[in-house]
Amino acid sequence: MKTSCGSMLGLWGQRLPAAWVLLLLPFLPLLLLAVPAPHRASYKPVIVVHGLFDSSYSFRHLLEYINETHPGTVVTVLDLFDGRESLRPLWEQVQGFREAVVPIMAKAPQGVHLICYSQGGLVCRALLSVMDDHNVDSFISLSSPQMGQYGDTDYLKWLFPTSMRSNLYRICYSPWGQEFSICNYWHDPHHDDLYLNASSFLALINGERDHPNATVWRKNFLRVGHLVLIGGPDDGVITPWQSSFFGFYDANETVLEMEEQLVYLRDSFGLKTLLARGAIVRCPMAGISHTAWHSNRTLYETCIEPWLS
């Protein structure tokens with residue numbers, strides 16, 4: 001039977017003369033160390049959302065790192081829309097991931113962390129917008145094209161082999177093109193009017209196009225505790241790489257940083273407000289290619305681990 005320190009002293013007080021009790025007082029700190037300490041508060045659950053053509057297996061190294069530095073953390077890598085299914089329209093994916101995260105959040109009243117990689121970062125940003133009662137403490141956007149993509153990559157060449165970035169807008173800004181996830185965030189700076197009119201996803205979550213849910217979505221997005229943005233110049237896929245930090249090309253293909261973007265200046269979905277309250281963290285890392293972000297230990301220790309409270 002376990003006995004608390006207080007009851008132990010009371011017992012000794014009954015059996016020993018008062019003088020002996022006084023003599024034992026200097027040793028009280030050592031006695032307290034012998035009493036089992038209460039368990040440390042558990043870490044918040046972590047939810048991981050993969051990117052284009054990925055699966056949960058891609059994140060085995062990340063899981064190892066979290067288990068080493070934050071033992072006991074409940075980590076869920078959502079195994080939805082894997083492989084080619086990740087080409088499904090992003091709103092369809094948002095709905096599927098929403099159904100998966102709701103029960104996880106319900107069991108974590110203290111909050112959860114989101115780690116969302118590449119295309120998954122856009123899925124997660126949409127989730128934060130449409131969920132009225134999400135409890136996300138840290139949203140970690142891991143090399144995600146938050147302001148869109150405008151570059152010839154192997155993914156695009158495989159999907160649209162006869163198109164280059166200069167004419168891909170003809171496909172992506174059509175109803176048929178918007179049925180592919182890549183086209184949902186294709187952002188051609190030379191055809192801005194077509195982008196604003198045709199984009200069924202990115203232009204909406206950016207608040208670049210009027211819609212009846214804009215005010216509610218902005219309010220929901222601002223519920224997040226921290227927005228951690230991670231990316232770097234050697235990514236090789238996200239184009240421009242500054243899109244990971246809400247930077248993007250102007251019509252001359254000069255990169256404008258986040259603070260120069262209209263979505264920031266207008267605070268259309270809350271970026272300016274988040275920055276003003278110190279909730280945006282930017283973590284640029286050189287020397288990391290796109291497929292290595294979730295397996296690089298230095299990146300994890302520098303940019304991810306500090307936010308997994």
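Reading guide: rules and limits
Residues numbered from 1 in each chain as written. Predicted model: local features only at pLDDT ≥ 70, side-chain atom pairs only at ≥ 80, totals over all residues. Heavy atoms only, no water. UniProt positions renumbered as here; feature names shortened; annotations may be inferred. Helix = DSSP H or I, 4+ residues; strand = E, 2+ residues; numbered from the N terminus. Expected span 1.5 Å × (residues − 1). Contact = heavy atoms within 4.5 Å. Phe/Tyr/Trp six-rings, centres within 6.5 Å; stacked < 30°, edge-to-face > 60°. Buried < 20%, exposed > 50% of the residue type's maximum accessible area, 1.4 Å probe, protein only. Lys NZ or Arg CZ within 6 Å of the ring centre and 35° of its normal. Salt bridge = Lys/Arg side-chain N within 4 Å of Asp/Glu carboxyl O.

- As annotated in an unreviewed UniProt entry, the protein is Lysosomal thioesterase PPT2 from Macaca mulatta.
- Of the comments in the UniProt record for the protein, the one headed Catalytic activity (unreviewed entry) reads "S-hexadecanoyl-N-acetylcysteamine + H2O = N-acetylcysteamine + hexadecanoate + H(+)".
- In its Function (unreviewed entry) section, UniProt records this for the protein: "Catalyzes the cleavage of thioester bonds from S-palmitoyl-CoA or S-palmitoyl-N-acetylcysteamine (unbranched structures) but does not have activity against palmitoylcysteine or palmitoylated proteins, branched structures or bulky head groups. Conversely, hydrolyzes both long and short chain fatty acyl-CoA substrate."

Considering helix H5 (residues 90-106)
Each turn of an α-helix holds 3.6 residues, which means side chains three or four residues apart point in the same direction.
Next, step 1: The first and last C-alpha atoms of H5 sit 24 Å apart over 17 residues, in line with the 24 Å expected at 1.5 Å per residue.
Next, step 2: Each element contacted by the buried residues of H5 is listed here: strand S1 (46-49), strand S2 (75-77), strand S3 (112-117), helix H6 (119-130), strand S4 (136-142) and helix H9 (181-184).

Some thoughts on the packing of aromatic side chains
How two aromatic rings sit relative to each other is given by the distance of their centres and the angle of their planes.
Next, step 1: Scanning all chains against the criterion turns up 13 aromatic pairs.
Next, step 2: Relative to Phe269, the ring of Phe221 lies with its centre 5.5 Å away and its plane at 65°, an arrangement referred to as edge-to-face. Highlighted residues: Phe221 in helix H12 (residues 214-221) and Phe269 in the loop between helix H13 (262-265) and helix H14 (271-276), separated in sequence by 48 residues.
Next, step 3: The exposure class of Phe221 is buried, given its relative accessible area of 0%.
Next, step 4: By the ring-pair criterion, three or more aromatic residues cluster together here, those being Tyr150, Trp186, Phe248 and Tyr249.
Next, step 5: Note that Arg125 overlies the ring of Phe269, its terminal NZ or CZ placed 4.6 Å from the centroid.

A closer look at the pattern of salt bridges
Between side chains of opposite charge, a pair can form when the charged atoms approach closely.
Next, step 1: A full pass over the atoms with the stated rule returns six salt bridges.
Next, step 2: Residue Arg88 pairs with Glu92 through a salt bridge whose shortest N-O separation is 3.0 Å.
Next, step 3: The exposure class of Arg88 is partly exposed, given its relative accessible area of 35%.
Next, step 4: Note that Arg297 is salt-bridged to Glu301, the shortest N-O span being 3.0 Å. Taken together, the positions of Arg297 and Glu301, both in helix H15 (residues 297-304) and four residues apart, correspond to about one turn of that helix.
Next, step 5: Residues participating in the shared-partner salt-bridge network are Glu68, Arg297 and Glu301.

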